[in-house]
Amino acid sequence: MNSDELVLTDGEILDFRRQRATQDLYDRIIIIIVGTFILTTVLILNQSPPAGAVYGYLWYAAALAIQTFGAGLLWAYRRFYARFSLNFWRGMYLSGVSSLALLWGVAGILFFNAGEFSQQMLLFTLIVGVTISSVSTNAVWLQSHTLFLVITTSPMIYMCLNQADPQYQGMGYAFLAYVLVSYFVARSASSTFNDMMALTLKNIRLAETLGEQYRLTEAASRAKTQFLAAASHDLRQPVHSLSLLAESLKQETGTPRGQQLISNITSAVTSIDDLLGKLLDISRLDAGDVKADISTFALDSLIGSIVREATPVAEEKSLTLVAIPCECIVRSDPVLLGNILRNLIANAIKYTESGTITVGTEPSQTEDGKFITRLYVRDTGMGIPQDQQDHIFQEFVQLNNPERDRQKGLGLGLSVCRRLSDLLGHSLRLVSSPGLGSEFSLDIELVSENIAPAVAESYASENPVGDFTGTPVLLVEDDAMVRQSTSELLAGWGCDVRAFADATTCIHAVGESPGWGDILITDFRLPGEMDGQELTGKVRQLTGRHLPVLMVTGDTAPERIKALSSSGMAVLHKPVKPAFLRNAMRQILTQ
């Protein structure tokens, strides 16, 4: 029997889709609980209801009650699933989602303060954050997401539109437009899920008939990869825009209170992005969608690029981040190894209050005589007790952070590192003592090595103010919100920006003024037949020079990252922190 001969009834597909969707929804309850705790805590710590603080505490108590209900519901589902009908579990989940939506809907009224417009930006950001998260958690059941979206946003929209101030009315209409866009994105994701479920059920039937179970696994894996890649790109776009808008707003706001509120907004956006990015990474790794592409490469260039990227973050904490030069040629996957190193450096920065973080290598040899190099990240942080060193590689496990301070991350980075190191076959080791710092290291196959002078290199960044005054920048970005926020940020740095929505209009403008522009900043995904990489070649051909290019992309597929890296262009992945964008521009403009 082939797939064309297999006919499935609408009832079979509907029952299967409902069952799988329910499983997915309950599997994501823990994500909803953690995200709700983070965002409600951010709001209650930074904003008080105009009616009085006691109402804020009651609201927060209700949030904790809903989280407790969610945890209890998940426990009951896993223990007593077979005792109740599918409709019962779907109804219980919908009641929980409705309660959570009502909680945020009430927040839109309770915390609304018409006299303090700047404070509403935090409330606006948090409500946008929870609705963005709902796309990834509830889109498999479109009715659930739609209910959550409407109940969550309607009170805030009403409060904004009911004000005489045109700023609030503008925010209300912008919020209304966002709701419509979010609904259509979720509907598209739901349609993709429905098609995927129909295909999955068909493959199951074929596997049962032909005894070829492996075909089902491959089909499901491909479908999930496409779904996660689309979700990653679409969810990162608004977070990327919010990050750039917050930085632009910071340049325009002079009061200490305004600066603090903007810092809180930036922190909330960073937490949302960190949570989404790490969870997507873990999902793809657990599903087996990430494959290692082993090659031979120079380790020093990889270390240098990642250390330069992380230097602005280290400098914000007055830490010294240095790299010991090496001339090691190793065998590994440079993209996946870079992801591990990036997470280890970020973890060291978060848990080091003062001193130095050192990245270096040491040659070694295994018991069977194989030559390796030990890549290490060494910090002067608080250290880790021996009895806790195995636990820190588990999801959501953090030491010395009982209050779940989002500035210290979410406890997912080391879990990603462990999965990637297992995939690459690199032993991930930890040596640490309380009060003496920590050292994480990887054993990597060594091809050759010339001993270089062990002189640490510091990649300190320059003062960003006034760096780009008068610099002509070509910007190509199809997303209108991202294009506007990036243009405003670059203009705030002194750049002269010409922004385009697609490759065609950019090429036309360059053809008319081939000498204009010192740098091209472009998204990879562009409307039409030409992507960012092809646009780069065309622009360089028209200008007759090797114009510096900075590629910005929301794609997280390993094959896409490898292709861009091999092109030699500088690449940043959305959402991009303004400090990283500024640092990358400075580097390629001075090369």
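All values derive from a computational prediction rather than experimental measurement. (Residues numbered from 1 in each chain as written. Predicted model: local features only at pLDDT ≥ 70, side-chain atom pairs only at ≥ 80, totals over all residues. Heavy atoms only, no water.)

Student: Would you explain the overall build of the protein in this entry?
Tutor: Helix and strand counts for the protein come out as 17 helices and 13 strands. Counting the 591 residues in the protein, one finds 51% classified as buried. Pairs at least 24 residues apart make up 75% of the contacts formed inside the protein by residues separated by at least 6 positions. Here the protein displays about 26,700 Å² of accessible surface, and carbon together with sulfur accounts for 55% of that area. (Helix = DSSP H or I, 4+ residues; strand = E, 2+ residues; numbered from the N terminus. Buried < 20%, exposed > 50% of the residue type's maximum accessible area, 1.4 Å probe, protein only. Contact = heavy atoms within 4.5 Å. Areas by Shrake-Rupley, 256 points an atom, 1.4 Å probe, with all protein chains shown as cover.)

Student: Looking at this structure, how should I read the nonpolar core?
Tutor: Considering soluble globular proteins, one finds that nonpolar side chains tend to be buried as a cluster. Counting 58 residues, the largest nonpolar core has Leu43, Trp59, Trp104, Phe111, Met156 and Phe175 as the members making the most contacts within it. Per-element tally for this core: the top contributor is helix α7 (residues 166-210), with 10 residues. Counting residues in hydrophobic clusters, the runner-up holds 40 residues, among them Phe297, Ile306, Cys328 and Leu344. (Core = buried A, V, L, I, M, F, W, Y, C linked by side-chain atoms within 4.5 Å.)

Student: Explain the pattern of salt bridges to me, please; I cannot follow it from the model alone.
Tutor: Oppositely charged side chains can pair when the atoms bearing their charge come close. This structure, assessed with the given rule, holds 7 salt bridges. The shortest N-O distance in the salt bridge between Arg378 and Glu439 comes to 2.6 Å. One end of the pair, Arg378, is in strand β5 (residues 371-378); the other, Glu439, is in strand β7 (residues 438-449), and 61 residues separate them in sequence. Asp443 is the partner of Arg429 in a salt bridge, and the nearest nitrogen-oxygen pair spans 2.8 Å. With Arg429 in strand β6 (residues 428-432) and Asp443 in strand β7, this residue pair connects regions lying 14 residues apart in the sequence. On the basis of relative accessibility, which here comes to 43%, the residue Arg429 falls in the partly exposed class. (Salt bridge = Lys/Arg side-chain N within 4 Å of Asp/Glu carboxyl O.)

Student: I keep staring at helix α2 (residues 29-46) and nothing clicks. Help me out?
Tutor: An α-helix turns once every 3.6 residues. As a result, residues three or four positions apart point the same way. For α2, with 18 residues, the first-to-last C-alpha span of 26 Å sits near the 26 Å given by 1.5 Å per residue. Counting buried residues in α2 gives 13 out of 18 residues, a clear majority hidden from the surface. (Expected span 1.5 Å × (residues − 1).)

Student: Teacher, can you tell me more about unusual backbone geometry here?
Tutor: Peptide bonds are mostly trans, and most non-glycine residues show a negative phi. Look at Ser318: it is not a glycine, yet its phi comes out positive at around 60 degrees. Turning to its location among the elements, Ser318 is positioned in the loop between α10 (299-316) and β2 (320-323). A residue is classified by how much of its surface remains accessible, and Ser318, at 64% relative accessible area, is exposed.

Student: When you look at the pairing of strand β10 (residues 496-500) in this model, what are you seeing that I'm missing?
Tutor: Pairing of strand β9 (residues 472-476) with β10, which is carried by 5 bridges, proceeds in the parallel orientation. What sits directly across from Leu474, in β10, is Arg498. In terms of handedness, the path from β9 via helix α13 (residues 480-492) over to β10 forms a crossover that is right-handed. (Pairing = 2+ DSSP bridges. Right-handed = clockwise from strand over helix to strand, strands pointing away.)

Student: Just checking my understanding: could you explain the confidence of the model for the protein for this structure?
Tutor: Caution is warranted with low-pLDDT regions, since their predicted coordinates should not be read in detail. Considering every residue of the protein, the mean pLDDT works out to 79; 75% of them sit at 70 or more. Segment residues 451-455 is flagged for pLDDT under 50; beyond a separation of four residues in sequence, or across chains, it makes 8 contacts in the model. Residue range residues 461-466 is modelled with pLDDT below 50. Its contacts to residues more than four positions away, or to other chains, number 7 contacts. (pLDDT = per-residue confidence, 0-100.)

Student: What exactly am I supposed to notice about the sheet that holds β10 here?
Tutor: On the basis of which strands lie adjacent, the open sheet formed by 5 strands has the order β10-β9-β11-β12-β13 and parallel pairing. In this open sheet, the two edge strands, each paired with only one partner strand, are β10 and β13 (570-573). Shown here is a sheet whose adjacent strand axes are inclined to one another by a mean of 20 degrees, direction ignored. Pairing analysis gives 4 bridges linking strand β11 (residues 519-523) to strand β12 (residues 549-553), with the strands arranged parallel. What sits directly across from Leu520, in β12, is Val549. Taken strand by strand, helix α17 (residues 578-590) contacts β9, β11, β12 and β13, and its axis lies near 155 degrees from that of β12. (Axes fitted to C-alpha atoms, helices over the stretch in contact; angles between N-to-C directions.)

Student: How should the packing of aromatic side chains be read in this particular structure?
Tutor: For any pair of aromatic rings, geometry is given as the distance between the ring centres together with the angle between the planes. According to the stated counting rule, one finds 16 aromatic pairs in the structure shown. With centroids separated by 5.3 Å and ring planes inclined at 50 degrees, the aromatic side chains of Phe112 and Tyr168 adopt a geometry described as tilted. Placement of the pair is Phe112 in the loop between α4 (86-110) and α5 (117-138) and Tyr168 in helix α7, with a sequence separation of 56 residues. The aromatic ring of Tyr376 is capped on one face by Arg378, whose charged end is 4.2 Å from the ring centroid. The cationic tip of Arg498 hangs over the ring face of Trp516; the distance from NZ or CZ to the ring centre is 3.9 Å. (Phe/Tyr/Trp six-rings, centres within 6.5 Å; stacked < 30°, edge-to-face > 60°. Lys NZ or Arg CZ within 6 Å of the ring centre and 35° of its normal.)

Student: Quick question: what am I supposed to make of a nonpolar patch on the surface here?
Tutor: Together, Val54, Tyr55 and Leu58 make up an exposed nonpolar region whose accessible area comes to about 310 Å². Looking at the element boundaries, Val54 is found in helix α3 (residues 53-80). (Patch = residues over 30% accessible without salt bridge, like charges linked within 9 Å, V, L, I, M, F, W, Y side chains within 5 Å.)

Student: Would you mind going over the packing of α4 against helix α6 (residues 142-161) with me for this structure?
Tutor: Relative placement of two packed helices is described by the angle separating their axes and the distance separating the axes. Between α4 and α6, the least distance of the axes is 8 Å, while the angle of their chain directions is 10 degrees. With respect to α6, the axis of α4 lies roughly parallel. By crossing handedness, the relation of α4 to α6 is classed as right-handed. Touching Tyr93, Leu94, Val97, Ser98, Leu100, Ala101, Leu102, Trp104, Gly105, Gly108 and Ile109 of α4 are Ser144, Leu147, Phe148, Ile151, Thr152, Pro155, Met156 and Met159, all from α6. (Parallel < 35°, antiparallel > 145°, perpendicular 65-115°, else oblique. Left-handed = near helix turned anticlockwise from the far one by under 90°.)

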